[in-house]
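For reference, the chains in residue letters:
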2 protein chains.
Amino acid sequence: MPKVLDEEDVADFRERLLAAAERLFAEQGVAGVSMRRIAQAMGCSATTPYRYFADKEEILASVRAAAFDRFATTIEAAFARRGSPVERSAAVGRAYWDFAMREPDAYRLMFDMAQPDDDRYPDLVRAGARARGCMTAHIRELVSAGRIAGDPDLLSHVIWSATHGIVVLKLAGRLKHGPAPEDILRESMRLLFNGARAGLPPRAPAQASAEATGSQT
Amino acid sequence: MPKVLDEEDVADFRERLLAAAERLFAEQGVAGVSMRRIAQAMGCSATTPYRYFADKEEILASVRAAAFDRFATTIEAAFARRGSPVERSAAVGRAYWDFAMREPDAYRLMFDMAQPDDDRYPDLVRAGARARGCMTAHIRELVSAGRIAGDPDLLSHVIWSATHGIVVLKLAGRLKHGPAPEDILRESMRLLFNGARAGLPPRAPAQASAEATGSQT
DNA sequence: CCGTTAAAATAACAGTGTAAATTTACGCTG
DNA sequence: CAGCGTAAATTTACACTGTTATTTTAACGG
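Residues numbered from 1 in each chain as written. Chains lettered and ligands numbered in written order. Predicted model: local features only at pLDDT ≥ 70, side-chain atom pairs only at ≥ 80, totals over all residues. Heavy atoms only, no water.

(A) Fine view of the overall build of chain A. Across its full length, chain A holds nine helices and zero strands. What you see in chain A, going N to C, is helices and strands ordered as α-α-α-α-α-α-α-α-α. In terms of overall size, chain A is more extended than a compact globule, its C-alpha atoms giving a radius of gyration of 22 Å where 217 residues would be expected to give roughly 17 Å. Expressed along its principal axes, the backbone C-alpha trace of chain A runs to roughly 80 × 40 × 30 Å. (Helix = DSSP H or I, 4+ residues; strand = E, 2+ residues; numbered from the N terminus. Rg over C-alpha atoms; globule rule 2.2 N^0.38 Å.)

(B) Layout of the relation of the copies chain A and chain B. Least-squares fitting of chain A to chain B yields an RMSD of 0.0 Å, with the superposition described by an axial translation of 0.0 Å and a rotation of 180 degrees. Here the copies are linked by what is in effect a two-fold axis. Most of the interface of chain A is mirrored in chain B, where 96% of its interface residues again form contacts. (Least-squares fit on C-alpha atoms with pLDDT ≥ 70 in both. Contact = heavy atoms within 4.5 Å.)

(C) Layout of helix 8 (residues 152-171) of chain A. All names here are of chain A. Along its 20 residues, helix 8 runs 28 Å from first to last C-alpha, staying within 8% of the 28 Å computed at 1.5 Å per residue. A large share of helix 8 lies buried, amounting to 18 of its 20 residues. Backbone geometry just downstream of helix 8 places Gly-173 in the positive-phi region, at approximately 75 degrees. (Expected span 1.5 Å × (residues − 1). Buried < 20%, exposed > 50% of the residue type's maximum accessible area, 1.4 Å probe, protein only.)

(D) Molecular detail of the pattern of salt bridges. All names here are of chain B. This model, assessed by the stated rule, comprises 34 salt bridges over all chains. Asp-118 is the partner of Arg-64 in a salt bridge, and the nearest nitrogen-oxygen pair spans 2.7 Å. Taken as a pair, Arg-64 in helix 3 (residues 56-79) and Asp-118 in the loop between helix 5 (104-110) and helix 6 (122-133) lie far apart in primary sequence, 54 residues in all. For the pair Arg-64 and Asp-118, one class covers both residues: buried. Here Arg-190 ties to Glu-187 by a salt bridge, and the two come within 3.2 Å at their closest N and O atoms. Linking Arg-190 with Glu-187, this pair stays in helix 9 (residues 181-197), spanning three residues, or about one helical turn. For Arg-190, a relative accessible area of 27% gives the class partly exposed. (Salt bridge = Lys/Arg side-chain N within 4 Å of Asp/Glu carboxyl O.)

In structure tokens, the structure reads:
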């Protein structure tokens, strides 16, 4: 134990603790993991973590922020692929789904409804905003390319919430008896994009009689 | 304290405790409510609830089952309204949204992702199944009436998950900066129904040039 | 080598879920 | 009515939790 803690040492300890905490959270659920258990996994005393984190809530917030960042990085990587707007958009959608299926515990933590006021953790706010932001770019591109019509911000929230809804229903165990989640997702996207295409102005293709019948309010 | 507990007395005690527990859960979150706190609200000793419930988890499961039943009753009432299939379907959708906004804590409890194995509580399974079931009837009716095309079971899951996604994002506090949740919901339904209508076979109305373009898949 | 001082470890507190032991009080029988 | 059996309620107790206060440890400067 050095006399004074190098800033690097602090960062290292925090990182290692967060990694351990995330693993334990995934294994036994957040409520089932105690500070003492985390400390034990770190090989330190029960209260040493309090030198690096204010309390358990801050640990949880940091784990969630890390998950959001990992998620955002994954999505951004998918969007960075080269290809047509449609291909890139499909890649983003696939990356979203794959992340949720590959790291269900991380996804659960990220979007848990029981978290009261995340706003106290700037890093969590930043990571969450980054994750949200990187889901609108591909929609904006689709609109710019004239493949769908509508307000990109609104459309991206529509696509996002539809996808999110299927993911969380599955992660909550509520899609055990109905259609396969993948089928629901595919059909949702098919219908949404068909619907959004219907809003396009008349175009080159011959049989474009689809006038704006969207007057259902 | 009677010598033996009438079955009615047991049911009464359970009901009163569940009501108190639900109120406390809503006020302070599930994790913030202790058995002792519930017992205090009941005016009994700390361990008396254990005569009526196996443990805290069973209390939570019962509260969740009650919420599902209340939800299902609300939806069924909306569907029981007289009117056209479209009107009845719209009423169901509105009732769904209104319930989630009126009882966000109940909704949170119902669809919380952190619940591991609900299957141990038959009443909860039954109530959950009932709630899910009453969301397909109005879709089935729409399909029967020829207003939309597709597999009713699949379509109902599409509509459900889209609605659910918006609700849980709002309840998780993730829709503070974007479009209003109501707008996302309206646009989602507009696009989905437009998309689903596109799958209809050619019909009476004059400008029905929409030949079966639904040849995808 | 010794004192200073930051870091770690220990001890302690209030509160948790819950099981075991104990007390209470009702209904029945002698 | 006395008193017993017994179900219901309470008290006690235990292992655990998050967290704070106190004490111990150990690296550095003189």
